[in-house]
2 protein chains.
Amino acid sequence: MTNLDHAYAVILAGGKGERFWPLSTSRSPKQLLSLVSERTMLGMAVDRLEGLIPPERVIVLTSADLVEPTVASVPDLPAANIIGEPMGRDTAAAVALGCAIVKARDPEGVFCILTADHVIGDIEVFRRTLREGIDLAAGQDVLVTIGIQPTFPATGYGYIESGNAVEHAGETTFLQAKRFVEKPPRATAEQYLASGAFAWNSGMFIWSCTSVQAAFGKYRPQLSELIDTLAPSVDSPGFADALRAVFEPLEKISIDYALMENADNIVMARGTFAWDDVGSWPALANHFPADDEGNTSIGDVVPLDANNNLVFSNGRLTALIGVSDLVVVQAEGATLICPRDRAQDVKALVNELKARGSFDELL
Amino acid sequence: MTNLDHAYAVILAGGKGERFWPLSTSRSPKQLLSLVSERTMLGMAVDRLEGLIPPERVIVLTSADLVEPTVASVPDLPAANIIGEPMGRDTAAAVALGCAIVKARDPEGVFCILTADHVIGDIEVFRRTLREGIDLAAGQDVLVTIGIQPTFPATGYGYIESGNAVEHAGETTFLQAKRFVEKPPRATAEQYLASGAFAWNSGMFIWSCTSVQAAFGKYRPQLSELIDTLAPSVDSPGFADALRAVFEPLEKISIDYALMENADNIVMARGTFAWDDVGSWPALANHFPADDEGNTSIGDVVPLDANNNLVFSNGRLTALIGVSDLVVVQAEGATLICPRDRAQDVKALVNELKARGSFDELL
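Residues numbered from 1 in each chain as written. Chains lettered and ligands numbered in written order. Predicted model: local features only at pLDDT ≥ 70, side-chain atom pairs only at ≥ 80, totals over all residues.

**Q** Help me understand the overall build of chain A in this model?
**A** For chain A, the count of helices and strands is 11 helices and 15 strands. The C-alpha atoms of chain A give 21 Å as radius of gyration, which agrees with the globular expectation for 363 residues (21 Å, within 12%). C-alpha atoms of chain A, sized along the principal axes, occupy 60 × 50 × 35 Å. Burial analysis of chain A (363 residues in total) assigns 49% to the buried set. Across chain A, the fraction of contacts at a sequence separation of at least 24, relative to all contacts at a separation of at least 6, is 64%. (Helix = DSSP H or I, 4+ residues; strand = E, 2+ residues; numbered from the N terminus. Rg over C-alpha atoms; globule rule 2.2 N^0.38 Å. Buried ≥ 20, exposed ≤ 12 C-beta atoms within 10 Å, placed from the backbone. Contact = placed C-beta atoms within 7 Å.)

This is the structure in structure tokens:
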């Protein structure tokens, strides 16, 4: 057996993705949308593991009310591998839940925490990074985090500062992680980029059940206990009830805050593949070609003397005359129109629609 | 019998109204749209005649392919009064056609040529103007035209210059019409407005069959002959064929060009009622209230930090963030977005869509 025989993937797919309204809704959040290909974002996340981790060892965590559409979105996975959290308890609880499932199935398991709604390119480099990270995490008591080599001074991502190299056979660079920092202001982000010592926090991790449970034991004992309490009922009829019982009393804490900002055995794998968290409509446009006037059009769009617009026209014709720098999104029953630089306010709009109370079927 | 017993209305309802795309289409042109009330524009034009001209004497001329939806739009009129022109031959031919129908039914007939897609207020004043105009046209060999008292220096309308008063009992002012002028440049329009001697050419006329046929005889003999050729077959099974035979060889000429710019017996009735030809989406907005931010919204519209927009949202939600001075129109299958001051380019857009060939069902 190689280390890969013990490798699991736990994909966190519980996001609401309100920033992609009106396409994303409570029943159809970002990870279940086919934003950049015919596959859903989650389907693409599963596809990326092909040849590395077989479907029976790919686990998807989502919210209980999204289990059905999630199962439909990834028909290649065993339905039993789509787990619905009875209530959202943030990423630390999700990691503990994933650990309980993997540990129950394979006490020697090593699992990758992966995201369901990011766009990743250079798939072979991505797979190699995971494979070598799994190998490292299987052999040592370390928590591996994937840091993305930054390409611009992003203010929308957290950063990881790295230190000395960690020796490991293979092509991936592993470095000691010195600290995790929150989204920085612009000037700080520029210093980070210039220093070469900072990487973007991708939210992807690799660790053995043993190591991550040990870390929980040190910094969040409640989550270590959760793993032991829950593991015996995994794959049994009582699992849903057991999960509800352990989840309900938890406070919401992110894995960064619970473990990564505390642990001293963190190793950062330098991710040199293309990566984008696609956090907004304008970010999505980067994944499509633009015409000579700078218009990015998905679907039937006819621009007349219009430029630099971004139009997602689903099942309708969108005709533009003389407008610039707009985001236009057509969805079933609703149309969004906003300037590119106001796309971050879509969440505020969704809140406004919620407050009005008469548009629930569109949210 | 009073003159009103011989009064007919001929409503010209053949317009294509491309400027109201995407709501107006070839199957549903402007006059068949319910733009300012639940009634269609044509239905409102018929309603305005209530108490003045009974339904059996109201005739609607449209294009042959629009007869069916036009009949459906004005169920109060006898279906036989909706006449489809086999091909468009402009307004002079339509007036001659209307004259043939009226003359066949009542050789002493006096008829009003009315428009199907304008908004008219002060209905009592409008009716009084028609009634007194009918009275004048029944008693003298004159061609009555209704000139609208201008309220701003419009460059989008033709003008009528008026001269001496024509004596006639009643409250309407009748003046000799000295000349018809085409849409003027801004400076000229300002002079017209200041002079007080110019009125907008509304496209509405009142004349007896005798007088208008005599005028055709002088200036367009072919159209006078058309009346005599066609009248015997009116209301007979052979009418459609007869109409096609006389219409086909006609050249397209407007009534202004054929008669009004030539005749010397034209009297202008001063129309002091509210009148708007509603030539574009922004013009339509004037007939609806705006919110405190200047947004005019018809249907479900949620503006966030958006102002001075004009949104016709039919059966969909339109959400706006941070945009200003836009016209947004939602129709079955298509959405139009353009700045208010580019709304006149909708026709160019429709041409572009026609040229592309793949949007025919939306045109």
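Let us keep going from here.
**Q** Where do I start with the packing of helix α3 (residues 90-105) of chain B against helix α6 (residues 209-219) of chain B in this structure?
**A** For any two helices packed against each other, one specifies the crossing angle of their axes together with the interaxial distance. Residues and elements named next belong to chain B. Interaxial distance between α3 and α6 falls to 10 Å at its minimum, and their mutual angle equals 140°. Classified by the angle between their axes, α3 and α6 sit oblique to one another. Here α3 and α6 pass one another in a crossing that is left-handed. Of the residues in α6, those in contact with Val95, Ala96, Cys99, Val102 and Lys103 of α3 are Cys209, Val212, Gln213 and Phe216. (Axes fitted to C-alpha atoms, helices over the stretch in contact; angles between N-to-C directions. Parallel < 35°, antiparallel > 145°, perpendicular 65-115°, else oblique. Left-handed = near helix turned anticlockwise from the far one by under 90°.)

**Q** What's the story with the interface of chain B and chain A in this structure? I'm lost.
**A** When the parts of a complex come together, some accessible area is lost, and that lost area is often taken as the interface size. On the side of chain A, 28 residues touch chain B, which itself brings 28 residues to the contact. When contributions to the side of chain B that touches chain A are tallied by element, the ones reaching two or more residues are β12 (296-304), β13 (310-321), β14 (326-331), β15 (334-339) and α11 (346-356) of chain B. For the side of chain B that touches chain A, the residue count by class is 18 nonpolar, five polar and five charged. Looking at chain direction, strand β13 (residues 310-321) of chain A and β15(B) are connected through four bridges and run parallel. (Nonpolar A, V, L, I, M, F, W, Y, C, P; charged D, E, K, R; others polar. Pairing = 2+ DSSP bridges.)

**Q** How do you make sense of the relation of the copies chain B and chain A when you look at a structure like this?
**A** Here two copies of a chain appear, and what relates them is a rotation about an axis with a shift along it. Overlaying chain B with chain A gives an RMSD of 0.1 Å, the required rotation being 179° about an axis along which the chain moves by 0.1 Å. As the rotation angle and translation indicate, the two copies are arranged about a two-fold axis. Comparing interface residues between copies, 100% of those in chain B also lie at the interface in chain A; the contact surface is shared. (Least-squares fit on C-alpha atoms with pLDDT ≥ 70 in both.)

**Q** What's the story with the domain arrangement of chain A in this structure? I'm lost.
**A** Residues and elements named next belong to chain A. Domain assignment breaks chain A into domain 1 (3-276) and domain 2 (281-362). Placing the centre of domain 1 and that of domain 2 at their C-alpha centroids yields a distance of 31 Å. Per-class residue counts for the side of domain 1 that touches domain 2 are seven nonpolar, one polar and three charged. (Domains from an automatic or database assignment.)

**Q** In this structure, what is going on with helix α6 (residues 209-219) of chain A? I would like to understand it.
**A** Along an α-helix, residues three or four positions apart point the same way, because every turn accommodates 3.6 residues. Restricting attention to buried positions, one finds in α6(A) the residues Cys209(A), Ser211(A), Val212(A), Gln213(A), Ala215(A) and Phe216(A). Among the structural elements, α3 (90-105), α4 (123-139), β6 (143-148), β9 (198-208), α7 (221-230) and α9 (255-260) of chain A are those in contact with the buried residues of α6(A).

**Q** Honestly, the environment of Asp122(B) in this entry has me stumped. Any pointers?
**A** All names here are of chain B. Mapped onto the elements, Asp122 comes out in the loop between β5 (119-120) and α4 (123-139). A tally of 14 C-beta atoms within 10 Å means that Asp122 is categorised as partly exposed. It is 29 Å that separates the C-alpha atoms of Asp122 and Glu293, two residues lying 171 residues apart in sequence. Beyond its immediate sequence surroundings of up to four residues, Asp122 is in contact with Phe273 and Ala274.

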